[in-house]
Structure formats: C-alpha cells, structure tokens
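Structure assessment
Here are the chains, one letter per residue:
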Amino acid sequence: MKFAYFLVDGCMSETGQAGKARLWRELMLFESISNSGVLPGSYSEERIDPVTTGATAVSTLTPCVFIEVPSSKMSALASTDPAIALMLARMAAKRSVLTERLYTATRASPVARVAAVLNYLAAPTRRNLIRRREDGALVMTTTEELVASGPSRADLSDALCLGRATVEKAIAELRQAGALRSFGPGERTNRCYPVQDRDLLRQISFGG
C-alpha cells in the first residue's frame, strides 16, 4: 500500500530523481516515501541514510515527526471533504512557491539565496544562558530565539547548487552584517544558525 507522509516537526532533505536536493521543515506533504527508513511518529538523533523509492530519497537532518496516511484514504477524504481538499491544495501551492523562491536558479547573490533558505528554516527554540545578577551571582536563565538547525554547509551547498566555500562565505557575511548571531564559548556550532535579526535576514534575502 502506498502512503503519504506529513512532516509535522523537524527538518529533512529530499533528493529527487534528477539529483536535486531540497530542504524542508514542517508542515509539508510527501508522497511515495518508504517507511523502512523514516518511521512515522518516530524521532531520530542521527542522520538516516537516504532511502530511495522510485523518484524520492529522504534524509532527516533533525529529530523528525511524521504522520503516515494511506494514499487511498487521503484521496477518499479529499473527494468527500472540501476542507481536506483545500488543505492539500494549499500545501501543494506552498511547496510550489517555496521551490520557485528557494531552489530555482536565479540571478540573486549567493548571500541572498543562503539568507532566504535560513530564514525559511528558522524556528523558535530555547537555550540556556548564564547571566550575572546585580549582586554578582551567576544564575542560569532560559531565552527563546530563532535558530535554523539541521543542514550542514554541504546540505546547503547541494540544495542551492553553490560551492561549499561560497556558502561558508555567505554565512560569514550574514554574521558580519548582524543577521545571524555569532557563537559564544561552548555553544553548539555544527548544523546550527542562530538568527540575530530576522527583519535584516529577510531584507538580505530579497536582495536588500
């Protein structure tokens, strides 16, 4: 039986038959993906080797949650419930728009293209901070910030068809401009891109 999968949480990489890689985060619909490597409702701390079925191969880049729905059941629901049909149409339209805006070759600069993808992938997360109170005592506090996490420099390079050195230079420029936050001592740096100024990141993604 064929299934459709809804990515409810997390970040993943999808590689099509032509070898084109794309990075996605929730909420996104995928069809004809084998559940032998990405189990619906499961979490994975490690990257999964791509599982190829027909034209699609996927790799989870962060812990992911999927909902599995038989394709026949989804088709039946869409044909009888206008709300379901509208939801699926909107998801397909969203996927098409994101593909055109993020992963189609354009004349935009590499820094603008990297900014656009990181802005799309950014999601709220919490991190612990050690602050010094007025009395001099050190206390642990929690702060919320936007972080694009999951893809490596190589993943971004593949998705954008840019050289890895070009991607690394673009990320360095975004940090220098203040759109991305620089890392503090002891912070996780691998596959993690904290956003310092999202308005600026968006502006750069549009060529500003």
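These remarks concern the structure in this document. (Residues numbered from 1 in each chain as written. Predicted model: local features only at pLDDT ≥ 70, side-chain atom pairs only at ≥ 80, totals over all residues. Heavy atoms only, no water.)

Moving on, we come to the pattern of salt bridges. Considering all chains together, one arrives at 6 salt bridges under this definition. The salt bridge partner of Arg95 is Glu14, with a shortest N-O separation of 2.7 Å. One end of the pair, Arg95, is in helix α2 (residues 82-103); the other, Glu14, is in strand β2 (residues 11-15), and 81 residues separate them in sequence. (Salt bridge = Lys/Arg side-chain N within 4 Å of Asp/Glu carboxyl O. Helix = DSSP H or I, 4+ residues; strand = E, 2+ residues; numbered from the N terminus.)

In this section: a nonpolar patch on the surface. Together, Val8, Leu27 and Ile67 make up an exposed nonpolar region whose accessible area comes to about 230 Å². Here Val8 shows up in strand β1 (residues 3-9). Of the residues examined, Val8 reaches a relative accessible area of 33% and is grouped as partly exposed. (Patch = residues over 30% accessible without salt bridge, like charges linked within 9 Å, V, L, I, M, F, W, Y side chains within 5 Å. Areas by Shrake-Rupley, 256 points an atom, 1.4 Å probe, with all protein chains shown as cover. Buried < 20%, exposed > 50% of the residue type's maximum accessible area, 1.4 Å probe, protein only.)

As a further point, take the environment of Gln203. Examined against the element boundaries, Gln203 turns out to sit in helix α6 (residues 198-205). For Gln203, a relative accessible area of 46% corresponds to the partly exposed category. As a C-alpha pair, Gln203 and Ala112 span 91 residues in sequence and 8.7 Å in three-dimensional space.

A few words on the environment of Met140. With respect to the helices and strands, Met140 occurs in strand β9 (residues 138-149). We classify Met140 as exposed; its relative accessible area is 55%. Taking the C-alpha atoms as reference points, Met140 and Ile130, 10 residues apart in sequence, are found 4.6 Å from one another.

Here we come to the nonpolar core. One finds Tyr103 and Leu174 to be the most contacted residues of the largest nonpolar core, which totals 39 residues. Looking at this core element by element, the count peaks at 8 residues for helix α3 (residues 110-121). Leaving out residues up to four positions away in the same chain, Leu174 has contacts with Val111, Val114, Ala115, Leu118, Ala179, Leu180, Leu201 and Ile204. Listed in part, the 7 residues of the second largest apolar core include Ala4, Phe6, Met74 and Leu88. (Core = buried A, V, L, I, M, F, W, Y, C linked by side-chain atoms within 4.5 Å. Contact = heavy atoms within 4.5 Å.)

With that settled, the discussion passes to unusual backbone geometry. In the Ramachandran plot, Cys161 falls in the positive-phi region, its phi being about 55° despite a non-glycine side chain. Tracing the backbone through its elements, the reader meets Cys161 in the loop between α4 (153-160) and α5 (164-177). The phi torsion at Arg191 lies on the positive side, around 55°, for a residue other than glycine. Checked against the element boundaries, Arg191 lands in the loop between α5 and β10 (192-194).

Applying the stated criterion across every chain, the model contains 1 aromatic pair. Seen from their ring centres, Trp24 and Tyr103 are 5.7 Å apart, and the 80° between their planes marks the pair as edge-to-face. Of this pair, Trp24 sits in strand β3 (residues 21-25) while Tyr103 sits in helix α2, and the two are 79 residues apart along the sequence. Looking at Trp24, the relative accessible area reads 0%, which means it is buried. Take Tyr103: its relative accessible area is 3%, and that puts it in the buried class. (Phe/Tyr/Trp six-rings, centres within 6.5 Å; stacked < 30°, edge-to-face > 60°.)

This next bit is on the environment of Ser182. Positionally, Ser182 belongs in the loop between α5 and β10. On the basis of relative accessible area, Ser182 is assigned to the partly exposed category, the value being 45%. Sequence spacing of Ser182 and Gln196 is 14 residues, and the spatial spacing of their C-alpha atoms is 8.5 Å. Apart from residues lying up to four places away in sequence, Ser182 is in contact with Arg175 and Glu187.

Right, let's get into the packing of α2 against α3. Contact geometry for α2 and α3: axes closest at 9 Å, N-to-C directions at 145°. Counted together, Leu98, Leu102 and Tyr103 of α2 and Arg113, Ala116, Val117 and Tyr120 of α3 form the full contact between these two elements. (Axes fitted to C-alpha atoms, helices over the stretch in contact; angles between N-to-C directions.)

Before going further, it helps to examine α5. Between the first and last C-alpha of α5 there are 20 Å, a value that for 14 residues agrees with the 20 Å anticipated at 1.5 Å per step. Of the residues making up α5, those classed as buried are Val167, Ala170, Ile171, Leu174 and Arg175. Angular distribution of buried residues about the axis of α5 spans 140°; they occupy a single face of the element. Exposed and facing more than 90 degrees away from the buried side of α5 are Ala165, Lys169 and Gln176. Close packing links the buried residues of α5 with α3, α4, β10 and α6. (Expected span 1.5 Å × (residues − 1). Arc of directions from axis to C-beta.)

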